[in-house]
Structure formats: C-alpha cells, structure tokens
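Now for the letters of each chain:
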Amino acid sequence: EKRKSKGFHLHRLGLSFPADFRRSRPNQTKPKQKEKEKLDPKKKMSMRKKIQKKFKTRGYSLKIDALNSILAFADQFPGDDEGEAIDLLLDHLQMENLNSSVVDAESVQGVINLLLGANDAAEEPTSNASSLAFIDAFLVPKYRYDSVKKQFIEHTSSLPVHGEASSKTQVYRERFMLLLQRVSRAELFSMPAFDAEKSQFDNSEISPIQSLVVQIGRKWVMGVISQLEDGHFYLEDLSASVEIDFQHKITTGFFTENTIILAEGEMQNGIFQVITCGFPPLEDRDKTLNTHSGYDFFGNGMLTKEDRIRLADLERQAVNETFVILSDIWLDDEEVLGKLEKVLDGFESVEVVPSLFVFMGNFSSHPCNLSFGSYPRLRKQFGKLGRMIGNHPRLKESSRFLFIPGPDDAGPSTVLPRCGLPNSLTEELRDVIPNAIFSSNPCRVKFYNQEIVFFRKDLLYQMRRSCLIPPSAEETDDPFQHLVYTITHQSHLCPLPLMVQPIIWNYDHSLRLYPTPHTIILGDKSEQKVCKFGGTTCFNPGSFSTDSTFVAYRPSTQEVELSGL
C-alpha cells in the first residue's frame, strides 16, 4: 500500500515486459544465460558502463552480482537506447531507503520483482481514473538536500508532530540549503570552469559570511535575516553571522525576518554595508524538474514520460472543466448562506457544471477558540450546508466539494500546517454529500499534470506588518504582487518569523513551493487579485462573506475569472 501511495504505476511504463521474461522465475535461468551469450560483447560492455554510470550519478556503487541482475533486466528491452528501464529501476530503488550506497543483488532483485509483478497485474487505463488528486499537507513527502552527494534524500521514517529542539534548527538549515542549491545553477552566480575573463567580469561568486573577516572589497553573500539583538539585524549562513545595514537599494518583495536574501556590499567598521540586495533568483520550473528528475516533491507519485505526455493532452482537451473557489463562508450568518445559495443556483443551471467547488474558511464569523461556545450550532450549520448542496442534484452528482479550514476555524491550534476540520462538526454534511473532501491547510491538488496549491491565511496583512523596510515601488506598488514575488522566490508559502506564525517544525516542508507550482490560490480577506509571474498563476478569491466575491478558474487554460454577486 505504501508503494501504491508513492506512485508505483509500473504498468504504465512505456516499455513492455516480454511474456517469457515475466514467467521466468528460477527455472528459466539457464535459457536466459544462453541468450545473453549470443549478445554482441561490445554492446554488452557498453551497456555495463552505462548502468554503472547511471548508478554512480545517483550515488550508488554496484556489486558484481547486482550488476549481472540489472544486465539481465536490461537485456529484455533491446530497443531501449535511452535506458528508461534502468532509470525506472533506479527511481524505485531510491524509494527503498537502502542502508548502504553499495547495492547488492538482493536489493536489486526485490525491485525487479516489484516491476515484473506490477506489470503482470491487469492494466487500468489512466483515462478511467479521476482527473483530480488531493494531497493532504501531512502526507507530502519530505526531502532534504545533501550538499555532498548533490542530490535530495527522502525522509522515510515517521515524523512526530512534536519535534526535538534540533528540528527547529533544521527548518532554517533546510530552507537555506534548498535555495542555495537553486542559486548555484543561476547564470549570474555559477562560475564557469574555463574562460577566466568571463568568470571575472560576467559572474559573481557567493562568499561565505565567515570569509568577510579576511576579504576586502565588494562581495556577494547569501543568508537568513535575523534579529539577534533588539534593533540590530544580522545575516546568517551556515558559517557565521554578520550585522547588516541595508537601507539602500532593494528589489521587489517583502523583506521580513526569516527571509533569505542575496546582498552585495562591503565590510565597514564590522558592519556589512549593503549596496543592493534581493531575493534569490527564481528558476524555471522545467529546469528544476530536469535537474532533479525522479523525485516526488508534490506528493502525487511518479509518472513516466509517456504518462505525462498523455495527461498533458487530456488537460488541454478539458476546456470545460471549472473550479469555483470561495473563501470566508460564515455558516452562522443567514445572509451569507443566502448568497451562497444564489451561487449554487447559478452553477446548477449552466450547461457543464463545475468539476470542483473549493470552500475555504473561516466557516464562522467568530473565532473558534476556547471562549467559543457554539459548536453544536456550527455542527447544525454544516448539516444545513449539506442539505443546501443536496437540493442541487446536478452539482451533488457531478461536482466535488473540497473544504479547507481557515486560521480561526476549529482545530487543535493555529500552527501551520492545519489539519482538516474535525469529524464531529462535519458528520451531518458527510452523510448528505459523501464525496465531500475535508483536507488540510495548505492543501495540494493535482489536475492531470497541473500542480495547484491552496492556502487560506490572511498573509498579506501579516507580511506587510512584519516588513523591516518599506517595499520598493520601482517595479510595482501593488502589495499583492510583492507578496507573490516573495513566496515564489522564497519557495515557501509563509516565510514569516516563527513567533508571528508558528509552524510544526517537522512539517515545514509541506509549505514549500519547490518546484514552483503552476497555480497558487491564496485565500485572503483582502480584495480579490490575480497575478501571473514566472509561469505561475496566483490569485486571491477575496472574502465571500464581506465582499461577496469568488473566483471561477479554468485549469486547462489557467484562466481566472474574478466574480462576485
């Protein structure tokens, strides 16, 4: 079951396993050996080198018996010149969490048997599967970047909600390492191996903060903004920290504590005087995926190249698919329920009903804290909402309903990520609408190939309030664009100080935006906005309870229709 959840869709491999190989368990070993003896020795040696190179690239070395098993596996695909079968074998071998980098035949054979067994299973066409997949924040895989192996390593053991003190340190370390490896590929900061002239004038090298003690002149540094003393701000990396003065030119975005910046400047009297600073440059999504292929960052499992192409075609054809997103639905306000019924009535009568309704909290006009004493009434209001949806038979039958809690909704705490709404509140609604989904905040949705992230928080207000210096108006004076620029360049949904917005240390990875998703929906009580930046569509549906606004989103074309009553 664990392998299924991680995307072991092995029967969708573009290569097909020969029937005789699937049936050949031990009793057919000798015929296979005779067949291999007929192979061209030069081709066999070339295949051996290719396999060893692929494994070395992933940080593995092979024992001779393991290499022979892989050769036998690869021999079954004579037309596989690009080595896709070996890549698939490697992808799933990495999920096995081997104790050693030296791979033996037993480990390899276990994965091969998995591949063969999955291929024997009856193939279920992808077209019959739902176009939507929902990923809870607490089920997102966790990866950390290993700077020695130059690759990501998946955390496979269980993650406790209450982490140790070291877990807090790891939050900052892993955020920093994630962006540092991204910056190392940026053209401006990647030093060429040859052409010293170009290296000197067209490229900049990031210096460790510790080296500023002995180096003079202008330098580029990268670090986390922190306030180690009241009124004094420092830049920290993995080597040291230095006090900074950055009352000079800055780029677009909100510069708060905990954000990671690149700064150019020089040391004067023990203080790093910043000449210019900004966020780490954003990397194209396709470049990130090409660099780190074989990792399930989003949490919906791995797909073969053939599957991705086919799903992309299905996505382009799904022009009638629509998502309706509403935020702030106060169920204890009869006026709000009346407006919501008008919205449902309107979509009930359209030719093609929306495939997904997303209801984001808050679901009560009063915070559900310790002083909140209306839980029985709120439970009945959820039941009333369920009956309201049930009165629209086309929507009930053909649409999905996703519920995402808001910052003031019922739950164990206000810490992020937040778990879904408690069953005690939603039981009556579930009885009427069995296909309702109650997910976490944030929540991830996969529409064919498109990755969509939903996040309900009044983030704009808190980011503006936590700014250390006023944002630059040189490129834009729109606060929402500053917000989108910040979270995409930080590759994180909530780069606020932990004292402003607590985060479960062991689940900070669930708020990452890496690789940058196709669409980000920020449910905020501020006015509705839409912003397209760097290939990413980001919008705020606004507050339905106060402004009567919502959004109709067409994922096939990434078209955003700002709507309202």
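Residue numbers run consecutively from 1 along every chain, following the written order of its sequence. Totals for whole chains, interfaces and linings use every residue, but because this is a predicted model, local features are given only for residues with pLDDT of at least 70 and side-chain atom pairs only at 80 or more, for both listing and counting. Here the side-chain values reflect all heavy atoms present in the structure, with hydrogen atoms and water set aside.

**Student:** Give a detailed account of the sheet that holds strand β18 (residues 519-523), specifying residues and quantitative values.
**Tutor:** In this scheme, strands are said to pair when DSSP sees at least two bridges between them. Each helix is a run of H or I in the DSSP string that is no shorter than four residues. Each strand is a run of E no shorter than two, and both are numbered from the N terminus. Across the sheet, which stays open at both edges, the six strands sit in the order β3-β16-β17-β18-β20-β19 with mixed pairing between neighbours. Both edges of this open sheet fall to β3 (132-136) and β19 (529-533), since each of them pairs with a single strand only. Taking each pair of neighbouring strands and ignoring which way they run, the sheet shows an average axis angle of 15°. Taken together, the three bridges between β18 and strand β20 (residues 536-540) define a ladder with parallel strand orientation. Paired with Ile520 across the two strands is Cys538, which belongs to β20. Its contacts with the sheet place helix α17 (residues 479-490) against β18, β19 and β20, and it is angled at close to 45° to β19. Axis definition: a line fitted to C-alpha atoms, limited for helices to the stretch in contact. Angles are taken between N-to-C directions and run from 0 to 180 degrees. Note on contacts: a residue pair is in contact if any heavy atoms of the two residues lie within 4.5 Å.

**Student:** Give a description of the packing of helix α13 (residues 375-390) against helix α15 (residues 423-432) that names residues and reports values.
**Tutor:** Running from amino to carboxyl end, α13 crosses α15 at an angle of 15°, the nearest separation of the two axes being 8 Å. Our classification of the angle between α13 and α15 gives roughly parallel. The crossing of α13 and α15 is right-handed. For the pair formed by α13 and α15, the contact residues are Tyr375, Leu378, Arg379, Lys380, Phe382, Gly383, Leu385, Gly386, Arg387 and Gly390 on the first element and Ser424, Leu425, Thr426, Glu427, Glu428, Leu429 and Val432 on the second. Throughout, the ten residues Ala, Val, Leu, Ile, Met, Phe, Trp, Tyr, Cys and Pro are labelled nonpolar, Asp, Glu, Lys and Arg are labelled charged, and all others, Gly among them, are labelled polar. Of the residues that constitute the contact of α13 with α15, the class distribution is seven nonpolar, five polar and five charged. Every angle not falling under 35 degrees, over 145, or within 65 to 115 is termed oblique; those three ranges are roughly parallel, roughly antiparallel and roughly perpendicular. Handedness of a crossing follows from how the near helix is turned relative to the far one, being left-handed for an anticlockwise turn of less than a right angle and right-handed for a clockwise one.

**Student:** Help me get a handle on the packing of helix α5 (residues 64-74) against helix α6 (residues 84-94), residues and values and all.
**Tutor:** Their axes nearest at 10 Å, the elements α5 and α6 cross at an angle of 130°. As the angle between them shows, α5 and α6 are arranged oblique. As α5 runs across α6, the sense of the crossing is right-handed. Here α5 contributes Ile70, Phe73 and Ala74 to the contact with α6, which in turn contributes Ala85, Ile86 and Leu89.

**Student:** How would you explain α15 if you had to name every residue and give the values?
**Tutor:** Exposed residues in this analysis have more than 50% of their type's maximum accessible area, buried residues have under 20%, and partly exposed residues fall in between, with area computed by a 1.4 Å probe over protein chains only. Taken together, the buried positions of α15 are occupied by Leu425, Thr426 and Leu429. The buried residues of α15 occupy an angular sector of 55° when the element is viewed end-on, so they sit on one face. In α15, the exposed residues that point more than 90 degrees away from the buried face are Asn423 and Asp431. On the buried face of α15, the contacting elements are α13, β14 (400-404) and β15 (436-438). The arc refers to the directions leading from the helix axis to the C-beta atoms.

**Student:** Residues and numbers for the sheet that holds β14, please.
**Tutor:** The strand order across the open sheet built from six strands is β15-β14-β13-β12-β21-β22, with neighbouring strands paired in mixed fashion. The open sheet has two edge strands, β15 and β22 (559-564), and neither has a second partner. Across this sheet, the average inter-strand angle for adjacent strands is 20°, counted without regard to direction. Across five bridges, strand β13 (residues 356-360) lies against β14 in parallel orientation. By the bridge assignment for β14, Leu356 is matched with Arg400. Across the face of the sheet, helix α12 (residues 334-348) comes into contact with β12 (323-327), β13 and β21 (549-554) while running at roughly 170° to β13.

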